[in-house]
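Here are the chains, one letter per residue:
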Amino acid sequence: MVSKSKDHQRSTGGQPLKKKVKLSDQKIDEEIPLSKLKAKNKTDKSKKNKIKQENQQDELSLNTLMKTSNEPQKVKNEPKSENFDSATNIKSEGDSEDSYKWWEEGINDGIKKWDTLQHNGVMFPPPYEPLPTNVKLIYDGVPVKLPPEAEEVAGFFGVMINTDHAKNPVFQKNFFSDFKKVLKKAGGVIEPKDTKITSFKKCDFSKMFEYYETKREERKQLSRAEKKKLKEERDKMEEPYKYCILDGRKEQVGNFRVEPPSLFRGRGQHPRTGSLKTRVYPEDIILNLGPGSPIPEPPAGHKWGEIRRDNTVQWLAMWKENIFNSVKYVRFAANSSLKGISDYKKFEKARELKNHIDVIREDYSKNLRSKVMFERQVAVATYLIDVFALRAGGEKGEDEADTVGCCSLRYEHIELSEPNNVTFDFLGKDSIRFYQKVEVDQQVFKSLKLFKKSPKKKGDQLFDRLDPSILNKHLQGYMPGLTAKVFRTYNASKTMQDQIDSMDIKLEDTVQEKLLKYNAANREVAILCNHQKTVSKNHESSIQKANDKIQELIWQRIRLKKCLLQINPQLKKKEKALFFEIDDFKKEKELEVVENIYEKEVIKYNRKFKNENEKRKENSEELLADEKLQEWLNTAKEYRDVLIKEVESGNLSEEFIKKCGSEEKIRNNIKKFDQRIQVAFIQLKDREDNSQVSLGTSKINYIDPRLSVMFSKKFNVPIERLFTKTLREKFTWAIESADENWRF
DNA sequence: TTGGTGACTTAGAAAAAAACGG
DNA sequence: CCGTTTTTTTCTAAGTCACCAA
């Protein structure tokens, strides 16, 4: 069962991060002597012989490629660096001849990843533009002039004071501490000169906030044409960075933009959230290029940090981010060949697991009884990963959110109750709550009890003999390359295959019905993987609206049926089923529907009035008088009165009956309503079911795309309905290689 | 045996774009 | 057509896992 709302789920308590305590629990050790813990490690590297991919002879320059593109060459007056022309003219369509169907040609399995790589470097965010002089941070009631470096940081906070982040005390503390550092380094407040900013509480960011809001509003107000023009300009700037040339082929780059400075938005209860993520300069960046590829020109006045030529990796550029000193990469887009190949390999590996899963399951079932503590822990962990799709669960540091996976589960994360019920309650990746009450294998239950046995207490690790690398080493004994995460892929895709196998779909069903079933299957997988999303702010009201809408449709249908009876009262006895619902729909309910209709009308007229007058104001025309609005509202009211009278008296208005027309016409209309109501019901349920489940993640990462292609072909559902454009590009290999008989 | 770190995949939120409905 | 809602794309955080050095 998926739990309610995510806000609800996010951890609130700040339990201390426990160091990994390895309990050398004597007692357990005595009971279960640690002996032969050798994991069978067959490092058999069976290499499949793959067709070697053909080397591209000459390195094409971006410029050459551009010229061979089917796009007519435009004359440009921009400055050219001589051997590395700006790639502005490369078009995304590309030539058909440079499409590279690696899945048809076979995959090279060696260490070397590529031969040549050429690109234009990375795109930097625009420099900071100081605020207009009248927009200032107000400190202790006094507007202060800040040096631009500090103003920028204050602005990062100011623009988001209405968000949850900005209300989080940890976020505030980290932001303020970094802000003070920046301010100090920049020489302190400019005016009034001796102002010392020491208290967050005395900072008033509202002027900054308003300023950014106004700007946002202005941007929104731009006309369609203006927006289009801006977008074109943006696209033109981006053009050179969007593509690179890999082994002579044009390939898309993914995140070619360097991350702009900002306040770090950590997920969940993150100790470092709100810290300043500083601006990245060319000097911080390491570019990776092919041997002999020209070095792109760094921004004026700057130098690249380093030029590397490493063809064993798949990144084009990297830099170190300041908060954790971790590496950020500029990489290929999801539709690139290298990504496609890895993706393909990932799924093939998961499919390979099919051939080993029986042995693995047998083994861990047996080892759940092992007298050796280590073996017992391995067995239980493998069970949890296999059955509940837990992640491996690596160790985490003091300055990270307290989240866990299988190996890092602690005492307090599972609750046991006889005979074999387990409640998992912990925060997983991204601080998403994993909450499940389940029944487990009797022997698993016993083992978990053992793992929780005294002297273990809150904060201690359940699997004190394990970590992911130990577990993975054990798994490799069954199958080369097998790791914990492969189980997630395997079980997700297996679930999807099973779901599709058991689908009751007739070819003549509507596409919409088929899609609903596909989504239901997708949802099973998402639930297995615990992929969630926060329920949207207006979810409740939108459900309410949809319900009202359905009620309205039903009411309309009932009116039609009443009309039918009016014409031919004999029908009521003849067709009981048809008229059954009339008596079911009570007076109060009818009145509710009428009121709803009326309310909507009122809102509509008010809006219409406001809009019309705004337009007139702009054209300096005469404004509509308030009486006009009154007039409209009166029409609405009159209509409401008519309906109310109808409900009260039980007689339809003459007008309506006239409009309904012949019996045949009414019957047709009723049928149409039947259809609409049914569709509305199904869609409402689908939406309800999806409200906190996120289908995308499993579709993108876990479900073998060839399953969707198979579904598409087998049931004649256009692939466009299953995969968005980006996804189709990412999964071209699957679309072109699977047929209706393909199996995971 | 561990701890750091580099390189890659996976993840939900937020922004942007497209579709919807009055 | 226009404002709203829904879907798609972008963004970047947060995992996994291999490898290396001490």
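Treat the numbers as computed from the prediction; the structure is a model and nothing was measured.

What counts, and where the lines are drawn
Residues numbered from 1 in each chain as written. Chains lettered and ligands numbered in written order. Predicted model: local features only at pLDDT ≥ 70, side-chain atom pairs only at ≥ 80, totals over all residues. Heavy atoms only, no water. Near = heavy atom within 4 Å. Polar contact = N/O pair within 3.5 Å; in protein donor to acceptor, adjacent residues only side chain to side chain. Helix = DSSP H or I, 4+ residues; strand = E, 2+ residues; numbered from the N terminus. Nonpolar A, V, L, I, M, F, W, Y, C, P; charged D, E, K, R; others polar. Buried < 20%, exposed > 50% of the residue type's maximum accessible area, 1.4 Å probe, protein only. Pairing = 2+ DSSP bridges. Axes fitted to C-alpha atoms, helices over the stretch in contact; angles between N-to-C directions. Contact = heavy atoms within 4.5 Å. UniProt positions renumbered as here; feature names shortened; annotations may be inferred. Disulfide = S-S within 2.5 Å. Phe/Tyr/Trp six-rings, centres within 6.5 Å; stacked < 30°, edge-to-face > 60°. Lys NZ or Arg CZ within 6 Å of the ring centre and 35° of its normal.

## Quick notes on the protein's contact with DNA strand B
Argument step 1. Around DNA strand B, the structure places 33 residues, and the nearest of them are K346, R391, K429, T697 and Y702.
Argument step 2. Each atom of DNA strand B within 4 Å of the protein was assigned to sugar, phosphate or base; sugar and phosphate come to 82%.
Argument step 3. At 3.2 Å, a side-chain N or O of K113 approaches a phosphate oxygen of DNA strand B.
Argument step 4. The side chain of R391 places a nitrogen or oxygen atom 2.7 Å from a phosphate oxygen of DNA strand B.
Argument step 5. Taken together, the elements giving at least two residues each to the surface near DNA strand B come down to β11 (315-320), β12 (327-331), α10 (337-352), α15 (484-501) and α24 (696-701).
Argument step 6. Across the surface near DNA strand B, the residue classes break down as seven nonpolar, nine polar and 17 charged.

## Remarks on the pairing of strand β14 (residues 421-427)
Argument step 1. The element β14 is largely enclosed, with a buried count of five among its seven residues.
Argument step 2. Between strand β13 (residues 414-417) and β14, which pair antiparallel in sequence order, lie three residues.
Argument step 3. When β14 meets strand β15 (residues 433-439), the two strands line up antiparallel, connected through seven bridges. Across the sheet, the residue bridging to L427 is R433, located in β15.
Argument step 4. Connecting β14 to the antiparallel partner β15 that follows it, the hairpin turn spans five residues, and D430 within it adopts a positive phi of roughly 60°.

## Some remarks on the sheet that holds β15
Argument step 1. One open sheet holds the three strands; their spatial order is β13-β14-β15, and the pairing between them is antiparallel. The outermost strands of the open sheet, each flanked by one partner alone, are β13 and β15. On average, adjacent strands in this sheet sit at an angle of 10° to one another, irrespective of strand direction.
Argument step 2. Its contacts with the sheet place helix α12 (residues 373-388) against β14 and β15, and it is angled at close to 100° to β15.
Argument step 3. Of the strands in this sheet, β13 and β14 touch helix α13 (residues 442-451), which is tilted by about 120° from β13.

## Points about the sheet that holds β12
Argument step 1. Here four strands make up an open sheet; going across it, the order is β10-β9-β11-β12 and the pairing mixed. In this open sheet, the two edge strands, each paired with only one partner strand, are β10 (306-308) and β12. Between one strand axis and the next, the sheet turns through 20° on average, direction left out of account.
Argument step 2. Two strands pair when backbone bridges link them, and strand β9 (residues 286-288) and β10 are joined in this way by three bridges, in the parallel orientation. If you follow N288 over to β10, its bridge partner there is R308.

## Overview of the UniProt feature "active site" (unreviewed entry) in chain A
Argument step 1. Following the UniProt record, one finds the feature "active site" (unreviewed entry) at Y702.
Argument step 2. Structurally, the position occupied by Y702 is in the loop between α24 and α25 (705-714).
Argument step 3. Residue contacts for Y702: discarding those within four places in its chain leaves F347, R488, T489, A492, S493, C529, H531 and T697.

## Some points on the state of the cysteines
Covalently bonding the sulfur atom of one cysteine to the sulfur atom of another cysteine gives a disulfide.
Argument step 1. Scanning all chains against the criterion turns up zero disulfides.
Argument step 2. C563 carries a free sulfur, and the closest cysteine sulfur to it, the one in C660, is 3.3 Å from it.

## Brief notes about the protein's contact with DNA strand C
Argument step 1. In the vicinity of DNA strand C there are 31 residues, among which K328, G393, K396, T724 and T726 approach most closely.
Argument step 2. Contact between DNA strand C and K485: a phosphate oxygen at 2.7 Å from a main-chain N or O atom of the residue.
Argument step 3. Within the contact set of DNA strand C, a phosphate oxygen lies 2.8 Å away from a side-chain nitrogen or oxygen of R687.
Argument step 4. For the surface near DNA strand C, the secondary-structure elements that each account for two or more residues are α14 (468-476), α15, α20 (587-618) and α26 (725-730).
Argument step 5. Residue classes in the surface near DNA strand C are distributed as four nonpolar, 12 polar and 15 charged.

## What about the packing of aromatic side chains?
Argument step 1. Using the criterion set out here, one finds 31 aromatic pairs in the structure.
Argument step 2. When the ring of F124 is compared with that of W304, the centres are 6.3 Å apart and the planes differ by 25°; the resulting orientation is stacked. One end of the pair, F124, is in the loop between β1 (117-118) and β2 (137-139); the other, W304, is in the loop between β9 and β10, and 180 residues separate them in sequence. The same class applies to F124 and to W304, which are both buried.
Argument step 3. Ring geometry for F723 and F731: centres 5.2 Å apart, planes at 50°, overall tilted.
Argument step 4. F731 gets classed as buried once you look at its relative accessible area, which sits at 0%.
Argument step 5. Here the aromatic residues W102, W103, Y344, F347, F723, F731 and W733 are joined through ring pairs into a cluster of three or more.
Argument step 6. For the cation-ring pair, R433 lies above Y435, with the distance from its terminal atom to the ring centre recorded as 4.3 Å.
Argument step 7. Geometry around F656 places R559 over its ring, the cationic atom sitting 3.8 Å from the centre.

## Comments concerning the environment of C660
Argument step 1. Residue placement: C660 occurs in helix α22 (residues 654-660).
Argument step 2. In this structure, the C-alpha to C-alpha distance between C660 and C563, residues 97 residues apart in sequence, is 7.4 Å.
Argument step 3. Excluding its chain neighbours within four sequence positions, the residues that come into contact with C660 are L560, C563, K665 and I666.

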